[in-house]
Amino acid sequence: LDIAHEESAVIGWGGSVASHPDDLQQVGGAIRRLQAEGDWFAVVGPPQGVVEALGLDPGRFGATGTVTQLKWPYALAKLGIGIAPLADTRFNASKSFLKLLEMSALGVPWVASPRPEYQRLHAEHVGLLADRPKDWYRLLATLVRDKIFRMEMSQLGREVAAKHTYEVQAHRWAQAWT
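Keep in mind it's a predicted model, so treat the numbers as computed, not measured.

K.L.:
Would you take a moment to explain the overall build of the protein chain for this structure?
P.N.:
Each helix and strand counted, the protein chain has nine helices and six strands in total. Computed over C-alpha atoms, the radius of gyration of the protein chain comes to 16 Å, within 12% of the 16 Å expected from 2.2 N^0.38 for 178 residues, which places it in the range of a compact globule. Counting every position in the protein chain, which comprises 178 residues, the buried fraction comes to 47%. A sequence separation of at least 24 residues applies to 64% of the contacts in the protein chain between residues at least 6 apart. Of the accessible surface of the protein chain, which amounts to about 9500 Å², a share of 57% is contributed by carbon and sulfur atoms.

What follows is the structure, encoded as structure tokens:
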């Protein structure tokens, strides 16, 4: 799919608090602070629990509600900047970097928690990692305020994602089967 990324400074998250009950809290007050400075936060997914988890101003918050699998990439591409916070749990230590790869392929620059698989994709010089609320704030504020940096991160993400396609990685699938 060739989906156009809507370049903006809107920060957003793709997910559901129901399936990620402790993850959004990893950003601490960073989003609330950015909202107080005039920034907007959006969720690709249901709004339930998000305002409470982040302590948000509901007036500077939007949510798509549940999105079908076919509409997911189009909705995610509307985010200007993506976040992927993960609590440091045994379950999250086993997560893949799929969410980051999706954002990268769509040109959505991202900030994520430094979990093992997220570190692995970040090692390919894409995205930013934040472990403490002050780091989340600093990195997100940089992406919000610096359009050129945001656009560079968007382009890097697309370039790295292009290396992870089935076409490029087909030889690995063949090796696994033989």
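Structure shown, so let's carry the discussion forward.
K.L.:
When you look at the nonpolar core in this model, what are you seeing that I'm missing?
P.N.:
For soluble globular proteins, nonpolar side chains are generally found buried alongside one another. Counting 29 residues, the largest nonpolar core has Ile11, Phe41, Val50, Ile83 and Leu140 as the members making the most contacts within it. Contributing elements (two or more residues each) for this core: β1 (11-14), α1 (30-36), β2 (41-44), α2 (50-54), β4 (81-84) and α7 (133-145). For this core, the leading source of residues is α7, giving seven residues. Excluding its chain neighbours within four sequence positions, the residues that come into contact with isoleucine 83 are Ile11, Gly12, Trp13, Leu24, Val27, Phe41, Met103, Val111, Trp136 and Leu140. Counting residues in hydrophobic clusters, the runner-up holds 22 residues, among them Ile3, Val44, Trp110 and Val160.

K.L.:
What exactly am I supposed to notice about the side chain of histidine 5 here?
P.N.:
With respect to the element layout, histidine 5 can be found in the segment before β1. With near-sequence residues (within four places) excluded, histidine 5 lies in contact with Ala77, Leu79, Gly80, Leu106, Gly107, Val108, Pro109, Ser154 and Arg158.

K.L.:
Which parts of the structure should I look at to understand the sheet that holds strand β3 (residues 61-63)?
P.N.:
Adjacent strands of a sheet form backbone hydrogen bonds with each other and so pair up, either parallel or antiparallel. Spatial strand order, β3-β2-β1-β4-β5-β6: six strands in an open sheet with parallel pairing. At either end of the open sheet lies a strand with only one pairing partner, and these are β3 and β6 (128-129). In this fold α7 packs onto β1, β4, β5 (110-112) and β6, with an angle of close to 160 degrees to the strand it touches most, β4.

K.L.:
I keep staring at the packing of helix α5 (residues 98-106) against helix α8 (residues 147-162) and nothing clicks. Help me out?
P.N.:
Relative orientation and spacing of two packed helices are given, respectively, by the angle between their axes and the distance between those axes. At a closest axis distance of 6 Å, the pairing of α5 and α8 adopts a crossing angle of 115 degrees. Seen along the crossing, α5 lies across α8 with a hand that is left-handed. Seen from α5, the contacting residues are Leu101, Ser104, Ala105 and Leu106; seen from α8, they are Gly157, Arg158 and Ala161. Of the residues in the contact of α5 with α8, the class split is four nonpolar, two polar and one charged.

K.L.:
Can you walk me through the pairing of β2 in this structure?
P.N.:
The side chains of a regular strand alternate, first on one face of the sheet and then on the other. Burial of the side chains of β2 extends over both faces: Phe41 and Val43 are buried on one face and Ala42 and Val44 on the other. Of the strand pairs in this sheet, β1 and β2 are connected by four bridges, and their pairing is parallel. Directly across from glycine 14, in β2, lies its bridge partner valine 44. Remark: the β1/α1/β2 crossover connection has right-handed handedness. The pairing of β2 with β3 spans three bridges and is parallel. Within β3, the position partnered with phenylalanine 41 by the bridge is phenylalanine 61.

K.L.:
Could you clarify how one ought to interpret the pattern of salt bridges in this entry?
P.N.:
When the charged atoms of two side chains lie near each other, side chains of opposite charge can form a pair. Inspection of every chain in the model, using the stated rule, returns seven salt bridges. A salt bridge links glutamate 37 to arginine 145; the shortest N-O distance between them is 2.6 Å. Linking glutamate 37 in the loop between α1 and β2 with arginine 145 in helix α7, this pair joins segments that are 108 residues apart in sequence. The exposure class of glutamate 37 is partly exposed, given its relative accessible area of 38%. The exposure class of arginine 145 is partly exposed, given its relative accessible area of 46%. In this structure, arginine 132 and aspartate 135 form a salt bridge, with 3.0 Å as the shortest nitrogen-oxygen distance. The exposure class assigned to arginine 132 is partly exposed, which follows from its relative accessible area of 43%. Since its relative accessible area comes to 11%, aspartate 135 is described here as buried. Within this structure, Arg33, Glu37, Asp39 and Arg145 form a network of salt bridges that share partners.

The rules behind the values
Residues numbered from 1 in each chain as written. Predicted model: local features only at pLDDT ≥ 70, side-chain atom pairs only at ≥ 80, totals over all residues. Heavy atoms only, no water. Helix = DSSP H or I, 4+ residues; strand = E, 2+ residues; numbered from the N terminus. Rg over C-alpha atoms; globule rule 2.2 N^0.38 Å. Buried < 20%, exposed > 50% of the residue type's maximum accessible area, 1.4 Å probe, protein only. Contact = heavy atoms within 4.5 Å. Areas by Shrake-Rupley, 256 points an atom, 1.4 Å probe, with all protein chains shown as cover. Core = buried A, V, L, I, M, F, W, Y, C linked by side-chain atoms within 4.5 Å. Pairing = 2+ DSSP bridges. Axes fitted to C-alpha atoms, helices over the stretch in contact; angles between N-to-C directions. Left-handed = near helix turned anticlockwise from the far one by under 90°. Nonpolar A, V, L, I, M, F, W, Y, C, P; charged D, E, K, R; others polar. Right-handed = clockwise from strand over helix to strand, strands pointing away. Salt bridge = Lys/Arg side-chain N within 4 Å of Asp/Glu carboxyl O.

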